Amino acid sequence: MDVPLLEQDFIMIRPYHPTDSDALLDLWLRASILAHDFVPETFWYEQLPAMRELYLPQAETLVLEEQGRVLGFASLHGQRLAALFVSPDAQGRGLGSQLLDEAKRRRNRLELGVYRANTRAVAFYRAGGFVTLDETRDPHTGQPELTMRWSRQ
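Residues numbered from 1 in each chain as written. Predicted model: local features only at pLDDT ≥ 70, side-chain atom pairs only at ≥ 80, totals over all residues. Heavy atoms only, no water.

### Quick notes on the packing of helix α1 (residues 21-35) against helix α2 (residues 41-58)
Item 1. Look at α1 against α2: their axes get within 10 Å of each other, and the N-to-C directions meet at 150°. Relative to α2, α1 is oriented so that their crossing is right-handed. Packed against α1, whose contacting residues are Ser-21, Asp-22, Leu-24, Leu-25, Trp-28, Leu-29, Ser-32 and Ile-33, the element α2 presents Glu-41, Trp-44, Tyr-45, Gln-47, Leu-48, Met-51, Arg-52 and Leu-56 at the interface.
Item 2. Looking at the contact of α1 with α2 residue by residue, the classes come out as ten nonpolar, three polar and three charged. (Axes fitted to C-alpha atoms, helices over the stretch in contact; angles between N-to-C directions. Helix = DSSP H or I, 4+ residues; strand = E, 2+ residues; numbered from the N terminus. Left-handed = near helix turned anticlockwise from the far one by under 90°. Contact = heavy atoms within 4.5 Å. Nonpolar A, V, L, I, M, F, W, Y, C, P; charged D, E, K, R; others polar.)

Structure (structure tokens):
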């Protein structure tokens with residue numbers, strides 16, 4: 001007797017391709033505005049050109065997709081986790097943890113900056129083994145920002 005296969009979500013983490021740019025920028029903008037309600041929304045719109053022309057092309061970016069739909073990404077620049085974002089409608093499913101685990105698999109040490117007021121992200125990184133090294137003020141927004149680090153044991 002044949003047992004029908006259950007349809008499962010197919011999640012893949014793959015390298016960034018330039019054709020991903022619009023999807024990643026849209027996701028980044030929506031997630032940034034949602035996570036940083038303490039920063040004026042206009043700031044994030046002003047950052048779009050730099051994200052498109054500088055940050056994405058210069059980083060090693062990992063794209064998380066499910067059934068061909070981009071749901072998240074992480075960008076590595078040297079030993080820095082420059083970005084990790086999950087689409088607001090896909091948060092809470094462990095996708096951010098999958099991206100973080102893949103970034104950690106590729107590096108022995110990671111550092112990042114995260115706004116102190118983004119308590120959800122701070123807790124996420126602490127749960128992922130990051131420790132706070134320093135606190136400074138972001139010169140662009142004036143917000144307190146934590147520098148956090150993870151190292152392989």
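The rest of the description comes next.
### Thoughts on the packing of aromatic side chains
Item 1. Summed over all chains, the structure comprises six aromatic pairs.
Item 2. A network of ring pairs unites the aromatic residues Trp-28, Phe-43 and Trp-44 as a single cluster. (Phe/Tyr/Trp six-rings, centres within 6.5 Å; stacked < 30°, edge-to-face > 60°.)

### Some remarks on unusual backbone geometry
Item 1. Even without a glycine there, the phi angle at Gln-67 is positive, about 50°.
Item 2. Structurally, Gln-67 can be placed in the loop between β2 (60-66) and β3 (69-77).

### A closer look at the pattern of salt bridges
Item 1. Enumeration according to the criterion identifies 13 salt bridges in this entry.
Item 2. Arg-14 is the partner of Asp-20 in a salt bridge, and the nearest nitrogen-oxygen pair spans 2.8 Å. Like Arg-14, Asp-20 is buried.
Item 3. With a shortest N-O distance of 2.7 Å, Arg-105 and Glu-102 are connected by a salt bridge. Separated by three residues within a single helix, Arg-105 and Glu-102 lie in helix α3 (residues 95-106), roughly one turn from each other.
Item 4. We classify Glu-102 as buried; its relative accessible area is 15%.
Item 5. Via salt bridges that share partners, Glu-60, Glu-102, Arg-105, Arg-106 and Arg-107 belong to a single interconnected network. (Salt bridge = Lys/Arg side-chain N within 4 Å of Asp/Glu carboxyl O. Buried < 20%, exposed > 50% of the residue type's maximum accessible area, 1.4 Å probe, protein only.)

### Quick word on the side chain of Arg-14
Item 1. Summarising the element assignment, Arg-14 is placed in strand β1 (residues 11-15).
Item 2. In this structure the side chain of Arg-14 is engaged in a polar contact, spanning 2.8 Å, whose partner is the side chain of Asp-20.
Item 3. Not counting residues up to four positions away in its chain, the partners in contact with Arg-14 are Asp-20, Thr-61, Leu-62, Val-63, Glu-65 and Val-70. (Polar contact = N/O pair within 3.5 Å; in protein donor to acceptor, adjacent residues only side chain to side chain.)

### Notes on the pairing of strand β7 (residues 144-151)
Item 1. Along β7, the buried face is formed by Pro-144, Leu-146, Met-148 and Trp-150; none of Glu-145, Thr-147, Arg-149 and Ser-151, which line the opposite face, is buried.
Item 2. In terms of strand pairing, strand β5 (residues 109-115) meets β7 through seven bridges, oriented antiparallel. Note on β7: the bridge partner recorded for Tyr-115 is Glu-145.
Item 3. Bridging between strand β6 (residues 131-137) and β7 involves six bridges; their strand directions are antiparallel. (Pairing = 2+ DSSP bridges.)

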